[in-house]
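Residue-level listing of the chains:
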Amino acid sequence: MNIGDHIVKLTQKKKLHFSLIDPDKQKPKVAGAIAKTITEAGSSAIMVGGSTIFSQKQVDDTIKAIKDKSSLPVILFPSGAKFLSKYADAVFFMSLLNSRNVDYIIREHVKGAQFVKQSRLEPIPMGYVIVEPGMTAGKIGDADLIKKDDIDTAIGYALAAQYLGMKLFYLEAGSGAHYPVSDEIITSVKENTDIPLIVGGGIRTADAAREKAQAGADIIITGTALEKEKNLKKTLTDIINAIEE
Ligand code: 1GP
């Protein structure tokens, strides 16, 4: 079974945690060590991406180091066509649905599509929207941010993603957000749609992860928590256990 279908099937049984590694935040060797810890802690996949990546080599080297230390699926979380890597297993073929810039909705995808085909990367179609505060992703993606209490707009985007045939829907508050997507938006989107709901941005503790999973998130993403945490294994294990409660 391919990775996308496997993820969808797994979410029907339990809540999942994915770890996000930004190649711009540490050297490849350190990314490899983090990947080892992520794997031991029980995360289900490693996403690789970020808004400030400057070269494809940076992505390639980071993924090679991760692959050396972890058997988890590596899924690209790309900010553009230039930063794809043939060393990953799959790519979130994601449209930033609330961008004002057509590049992030479809044009980057046109540029990267042949690379995906030639590299045999598995494309996983995903609708991606950015909610306040949005952070760097919101600025670089020129997002028409969903207001933090605008439930109807969030449901509209989620249903549109589902009706366009996307396999997953991702509600993003932005990496390092000082508050995550609200429980009200998460619950309403979950109740009104049938595709797995991913939530990320500003989730750094077990309590926050539990709250968002209980509100209705099927998959919780943490990125910043991996970069700053001294006792990473314990923090991640606590987060993953809290999600699965
Ligand atoms: C960013 O949602 C992810 O795309 C992760 O956010 O870095 O705040 O965990 P954090």
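Before reading further, recall that the structure is shown in the block above.
Here goes a summary of the coordinates provided. (Residues numbered from 1 in each chain as written. Predicted model: local features only at pLDDT ≥ 70, side-chain atom pairs only at ≥ 80, totals over all residues. Heavy atoms only, no water.)

1. Overview of unusual backbone geometry
1) Next: In this chain, Glu132 is followed by Pro133 through a cis amide linkage whose omega measures 10°.
2) Next: In this structure, Pro133 sits in the loop between strand 5 (122-130) and helix 5 (135-140).
3) Next: Of note in this structure, Arg120 is not a glycine but carries a positive phi near 60°.
4) Next: Tracing the backbone through its elements, the reader meets Arg120 in the loop between helix 4 (102-119) and strand 5.
5) Next: A positive phi is found at Asp142, a non-glycine position, where the angle reads about 45°.
6) Next: Assignment of secondary structure puts Asp142 in the loop between helix 5 and helix 6 (151-163).
7) Next: Relative accessible area serves as the criterion here: at 32%, Asp142 is assigned to the partly exposed category. (Helix = DSSP H or I, 4+ residues; strand = E, 2+ residues; numbered from the N terminus. Buried < 20%, exposed > 50% of the residue type's maximum accessible area, 1.4 Å probe, protein only.)

2. A few points about the layout of surface pockets
1) Next: Taken as a whole, the largest pocket encloses approximately 720 Å³ of empty space.
2) Next: Put simply, the parts of the chain that give the lining of the largest pocket at least two residues each are strand 4 (90-96), helix 4, strand 5, helix 5, strand 6 (168-172), strand 8 (219-222) and helix 9 (224-228).
3) Next: Residues belonging to the lining of the largest pocket are distributed by class as follows: 21 nonpolar, 20 polar and 6 charged. (1 Å grid on protein atoms, 1.4 Å probe; cavity = no way out; pocket = protein on both sides within 12 Å on 5 of 7 lines; lining within 4 Å. Points joined across faces, edges and corners; volume = space filled by probe spheres on them. Nonpolar A, V, L, I, M, F, W, Y, C, P; charged D, E, K, R; others polar.)

3. Here's the deal with the environment of Thr153
1) Next: Its location among the elements puts Thr153 in helix 6.
2) Next: Taking the C-alpha atoms as reference, Thr153 lies 9.7 Å from Val189; in sequence the two are 36 residues apart.

4. A short note on the packing of aromatic side chains
1) Next: Per the counting criterion, the structure on display carries 3 aromatic pairs.
2) Next: With 5.6 Å between their ring centres and 85° between their planes, Phe77 and Tyr128 make a pair best called edge-to-face. You can see Phe77 sitting in the loop between strand 3 (74-76) and strand 4 and its partner Tyr128 sitting in strand 5, a full 51 residues away along the chain.
3) Next: You can call Tyr128 buried: its relative accessible area is 7%.
4) Next: Centre to centre, the rings of Tyr128 and Tyr170 are 5.0 Å apart; their planes meet at 90°, and the pair counts as edge-to-face. Taken together, the positions of Tyr128 in strand 5 and Tyr170 in strand 6 put the pair 42 residues apart, joining distant regions of the chain. The burial state of Tyr128 is the same as that of Tyr170; both residues are buried. (Phe/Tyr/Trp six-rings, centres within 6.5 Å; stacked < 30°, edge-to-face > 60°.)

5. Quick word on the site of the ligand
1) Next: The local shell around the ligand consists of Leu20, Phe77, Tyr170, Glu172, Ser175, Gly176, Gly200, Gly201, Gly202, Thr222, Gly223 and Thr224.
2) Next: In the environment of the ligand, an oxygen atom lies 2.6 Å from a nitrogen or oxygen atom belonging to the side chain of Ser175.
3) Next: Relative to its unbound accessible area of 310 Å², the ligand is 97% covered by the protein chains.
4) Next: Along the lines of polarity and charge, the residues of the shell around the ligand split into 3 nonpolar, 8 polar and 1 charged. (Near = heavy atom within 4 Å. Polar contact = N/O pair within 3.5 Å; in protein donor to acceptor, adjacent residues only side chain to side chain. Areas by Shrake-Rupley, 256 points an atom, 1.4 Å probe, with all protein chains shown as cover.)

6. What to know about the sheet that holds strand 1 (residues 16-21)
1) Next: The 8 strands are arranged 1-2-3-4-5-6-7-8 in a closed barrel whose pairing can be described as parallel. Across the sheet, the mean angle from the axis of one strand to that of its neighbour is 30°, orientation sign disregarded.
2) Next: Taken together, the 2 bridges between strand 3 and strand 4 define a ladder with parallel strand orientation. Counterpart to Leu76 in the pairing with strand 4 is Val91.
3) Next: Strand contacts of helix 3 (residues 56-69): strand 1, strand 2 (45-48) and strand 3, with the helix running at about 160° to strand 3, the strand carrying the most contacts. (Pairing = 2+ DSSP bridges. Axes fitted to C-alpha atoms, helices over the stretch in contact; angles between N-to-C directions. Contact = heavy atoms within 4.5 Å.)

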